[in-house]
Amino acid sequence: MSQPVSSGHGDQYSAVLRDRLAARTARVGVVGLGYVGLPLAVEFARAGFETTGIDLDQRKIDAVNHGTSYIPDVPTSEVAKFVAAGTLNATADFGVVAELDTINICVPTPLRKTKDPDMSYIVSAVEQIAKRLHPGMLGVLESTTYPGTTEELEQPMLEANGLRAGVDFFLAFSPERVDPGNPTFNTHNVPKVVGGVGALSTELASMLYLTAIETIVPVSSPQAAEMVKLLENTFRMVNIGLVNEIALMCDRLGLDVWEVVKAAATKPFGFMPFYPGPGLGGHCIPIDPFYLSWKAKQTGFDPRFIELAGQINGSMPQFVVEKITDALNRHQKSINGSTVLVLGVAYKREIDDMRESPALDVMALLHQKGATVRYADPYVPAIAARAWHGGFDMQTEALTADALADADCVAILTEHRAVDYDMVLKSSRLIVDTRNAIAGKHPHVFKIGAPAPVMVLARNPGQKAMA
Ligand SMILES: NC(=O)c1ccc[n+]([C@@H]2O[C@H](COP(=O)([O-])OP(=O)(O)OC[C@H]3O[C@@H](n4cnc5c(N)ncnc54)[C@H](O)[C@@H]3O)[C@@H](O)[C@H]2O)c1
């Protein structure tokens, strides 16, 4: 889409917004107060803006207005401080958009079952904003999406009432790069890529972010900014797929992938370590690349890396279950009737997020094969029946020596640091470790991508050790 040239109106509106941003008198809004939106709203409040969060979930609105955080990376004390100071509030009423100078959209972008983008959350939020869009307003989409969303989908909806993007109002895309649970990098210090519809949109969106974020990286268009995010997440997905395939090969070759990756990572240039695991999880890496692949297919392009990495990563839960089956077999147990304690179910360590977690697939496969499945995760108190294919509600076990000893097999799927792995090692009868959480080699610890431990068959203690 062509970039509009600034007109007199654009200059006039941009000057007003520039002044309000500089003076912190602009009223800013964030739609979607989840893992991305709440930290962003808190940063805007910290910058001194009166910030309003809009969400459909009344529990989140109540929590914010009571000064409570429900996102682990955002301390409750911060939310409480800004709510008390009157710089942060939340509402379900989109009517407030009429009073806002800026609005950032941070709503979900999941995949449909067919692996097509589900744009319904963006469309619904933009419909509400379009009704209240007023001249001089700045809108920034942050939800991860396919290249073209801002200009092909959002812009026409916002322009339906006659206002023009880049002239009468300002429109940009800026991908969110938050890494939940990362103690070093947060919303404030991760550089922010910004691509606007026209130069004024890019400038104003950059100015808004610079009040709250250390480094801004402007790019030439919203589409370029959308593609940046998909390159980043596709890069991770494909490299995780590659190292998972290397792990499958190591498994066959009798090599230890963990040793191999650790040694390769000593190369000071041209290599970046990725680690194998039970599969991909979270709201981003398993999903976002399929937004790109969907868009590429519209142009007749066949995106092979994404599909292949998706297949390999998607096969990992099955591989883990085979590993558990094999480990139990070596202990003369069948999976049918064995108790498997899954240790760590969140999709990655130090967080409570269960979205797309491969643990759900592993548990469902174990359940289908007749295992009694239990789990322990300090971050996930319960799993609802509807969240997995086991069909019943589950509660976490307290991770005690007794709970570990009771299980025929302990399967480590997420390596939370809070877990006492010495106790796990000492108390468990059999361990399948998919994360290399247990250091070293032990006769009762099986790892993915590594040779089975040397063990003596229990039935015949006099028999020779086998590998
Ligand atoms: N979670 C991450 O680590 C991460 C990182 C980078 C990018 N992203 C992207 O950011 C976007 C948001 O992700 P998230 O993890 O914050 O999601 P989330 O589910 O934690 O939060 C989304 C929020 O939007 C609200 N919502 C949904 N529809 C709405 C509507 N029409 N109006 C108002 N509120 C609405 C939901 O109630 C929810 O509170 C997604 O596109 C995601 O891919 C997420």
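Residues numbered from 1 in each chain as written. Predicted model: local features only at pLDDT ≥ 70, side-chain atom pairs only at ≥ 80, totals over all residues. Heavy atoms only, no water.

Engineer: I tried to follow the site of the ligand on my own but got confused; where do I start?
Structural biologist: If you check the shell around the ligand, you find 28 residues, and the closest are Val36, Asp55, Lys60, Thr109 and Thr144. In this structure, an oxygen atom belonging to the ligand sits 2.8 Å away from a side-chain N or O atom of Lys60. Residue Val107 places a main-chain N or O atom 3.4 Å away from an oxygen atom belonging to the ligand. Expressed as a share of its isolated accessible area of 820 Å², the protein-covered part of the ligand is 93%. No other element matches the 3 residues that helix H5 (residues 120–132) contributes to the shell around the ligand. (Near = heavy atom within 4 Å. Polar contact = N/O pair within 3.5 Å; in protein donor to acceptor, adjacent residues only side chain to side chain. Areas by Shrake-Rupley, 256 points an atom, 1.4 Å probe, with all protein chains shown as cover. Helix = DSSP H or I, 4+ residues; strand = E, 2+ residues; numbered from the N terminus.)

Engineer: Just to check I follow, could you spell out the pairing of strand S6 (residues 170–173) for this structure?
Structural biologist: Both faces of the sheet carry side chains from a regular strand, because those side chains alternate between them. Residues Phe170 and Ala172 line one face of S6 and the alternating positions Leu171 and Phe173 line the opposite face, and both faces are buried. Bridge analysis of strand S5 (residues 138–141) against S6 gives 4 bridges, and the strand direction is parallel. From the neighbouring strand, Gly139 faces S6, where its bridge partner is Leu171. Pairing between S6 and strand S7 (residues 192–196): 2 bridges, direction antiparallel. Within S7, the residue paired with Phe173 across the bridge is Gly195. (Buried < 20%, exposed > 50% of the residue type's maximum accessible area, 1.4 Å probe, protein only. Pairing = 2+ DSSP bridges.)

Engineer: How should I be thinking about a nonpolar patch on the surface in this particular structure?
Structural biologist: A contiguous nonpolar patch, built from Met249, Leu253, Leu255 and Val260 and spanning about 360 Å² of accessible area, is present on the exposed surface. Tracing the chain through its elements places Met249 in helix H8 (residues 222–253). Judged by its relative accessible area of 40%, Met249 falls in the partly exposed class. (Patch = residues over 30% accessible without salt bridge, like charges linked within 9 Å, V, L, I, M, F, W, Y side chains within 5 Å. Salt bridge = Lys/Arg side-chain N within 4 Å of Asp/Glu carboxyl O.)

Engineer: Can you walk me through the sheet that holds strand S15 (residues 445–447) in this structure?
Structural biologist: Pairing is parallel across the open sheet formed by 5 strands, whose spatial order is S10-S9-S13-S14-S15. Because the sheet does not close on itself, it has two edges, and the strands there are strand S10 (372–376) and S15. Recorded for the sheet is a direction-independent mean angle of 20° between the axes of neighbouring strands. Relative to strand S14 (residues 431–433), strand S13 (residues 409–412) runs parallel, the two being bridged by 3 bridges. By the bridge assignment, Val410 is partnered in S14 with Ile431. (Axes fitted to C-alpha atoms, helices over the stretch in contact; angles between N-to-C directions.)

By themselves, these figures tell us nothing about what the structure is for.
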